[in-house]
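The chain contents come next:
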Amino acid sequence: MILTAPLAGFFICGRFLQKKTVRGKEWKSMDYGLKGKNVLITGSTKGLGKAIARIMAEEGANVIVSGRNEQEAVKLAEEIRDSCQVRAAGIRADLMARGAADQLFDQAVDALGSLDILVNNAGIWPTAYVKDMEEKAFEDTIYLNLEVPYILSRRMVNHLIGQDRKGKIIQIVSQAAFHGSTTGHAHYAASKAGLVTFMVSLAREVASYGINVNGVAPGMMETPMTEAALTAKKDYYNSRIPIGRVAKPEEVAYAAVFLASNKADYLTGITIDATGGMLMR
Ligand SMILES: NC(=O)c1ccc[n+]([C@@H]2O[C@H](COP(=O)([O-])OP(=O)(O)OC[C@H]3O[C@@H](n4cnc5c(N)ncnc54)[C@H](OP(=O)(O)O)[C@@H]3O)[C@@H](O)[C@H]2O)c1
């Protein structure tokens, strides 16, 4: 394979992409087929969700950014609109409030007209050993990390079937779903393990409608969620990762973008482990 003109290129959403020639023809980077697709990403004001929203938009998808922080959601949506020339809206949603998930779904459909892809990313990671764990913390974790993804998945499936459209649902789970927790997150591990088996069951139910349901299991990423834990014991976390370091959110986001793409049309009910080797199954 002969590549020429390696320094030529163009900017997309602020990123420089190389333009190459392969055997006399223009070489294009992998087209994920996301151009014009409408995507709702929960918890996308920061961390992994923000990285997924940005990369989806770079690939030409229209995105709904959401979180409790309306200012951040609106700001990121504006930035994405300006730099990627896609449609984007920021919607405030506190998904812990009963009814908020349905409201967010309705607002997302109003804003974009319809949805093709749902990424259930919003989650919490409270810390307590079971002997001290309060029921409220357990219930909240199960609600936000498992029940909200179920509510939104149900809405998404009915939306797609009602419109006779194919689509993709991505559940952001965790290595803790498979390993359990060693550091005081049993409620979190249980919520994510529940989400894995929910994801597999739903994948079986809706495959014949052309709806793919898959998961991404991050190990440890540098995000606001883990900031305090990493400040306290980064060496401990690094030592548990064969690759030797905690992930940047973008390194995990690409797995979600791939599963949302038309390159993953034959994949359903799977989980991509994006853990730097922490989880090897
Ligand atoms: N970080 C890791 O190492 C790691 C490892 C394994 C799995 N994960 C999973 O990856 C996903 C993203 O994690 P992250 O590290 O990016 O988390 P993060 O930095 O804490 O960001 C969480 C996102 O969810 C939103 N959110 C939190 N509570 C919400 C609520 N009640 N209603 C609506 N939105 C809410 C936050 O926005 P607002 O603050 O604006 O509400 C934020 O956008 C989660 O499902 C997490 O469990 C993370």
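Residues numbered from 1 in each chain as written. Predicted model: local features only at pLDDT ≥ 70, side-chain atom pairs only at ≥ 80, totals over all residues.

1. Description of the environment of Leu 104
Thought 1: Within the fold, Leu 104 resides in helix α3 (residues 100-112).
Thought 2: Given 24 C-beta atoms within a 10 Å radius, Leu 104 is considered buried.
Thought 3: When the C-alpha atoms of Leu 104 and Asp 94 are compared, they prove to be 9.2 Å apart, with 10 residues separating the residues in sequence.
Thought 4: Aside from chain neighbours lying at most four places away, what touches Leu 104 is Ser 66, Ile 91 and Ala 93. (Helix = DSSP H or I, 4+ residues; strand = E, 2+ residues; numbered from the N terminus. Buried ≥ 20, exposed ≤ 12 C-beta atoms within 10 Å, placed from the backbone. Contact = placed C-beta atoms within 7 Å.)

2. Some words on the pairing of strand β8 (residues 88-92)
Thought 1: Most of β8 sits out of view: four of its five residues are buried.
Thought 2: Where strand β7 (residues 62-67) and β8 come together, five bridges link them in parallel fashion. Residue pairing for β8: Ile 64 is matched across the bridge by Ala 89.
Thought 3: With helix α2 (residues 70-84) bridging β7 and the parallel β8, this β-α-β connection has right-handed handedness. (Pairing = 2+ DSSP bridges. Right-handed = clockwise from strand over helix to strand, strands pointing away.)

3. Examining the sheet that holds β7
Thought 1: Read from one edge of the open sheet, seven strands run β8-β7-β6-β9-β10-β11-β12, paired in parallel fashion. Looking at strand neighbours, the two that pair on one side only are β8 and β12 (271-274), the edges of this open sheet. Each neighbouring strand pair of the sheet contributes to a mean axis angle of 15 degrees, computed without reference to strand direction.
Thought 2: Pairing geometry for strand β10 (residues 167-172) and strand β11 (residues 211-218), over six bridges, is parallel. Considered in β11, the bridge of Gln 171 is made with Gly 215.
Thought 3: Relative to the sheet, helix α4 (residues 135-162) contacts β9 (117-120), β10 and β11, its axis offset from that of β9 by approximately 175 degrees.
Thought 4: Of the strands in this sheet, β9, β10, β11 and β12 are in contact with helix α8 (residues 249-260), which crosses β11 at around 170 degrees. (Axes fitted to C-alpha atoms, helices over the stretch in contact; angles between N-to-C directions.)

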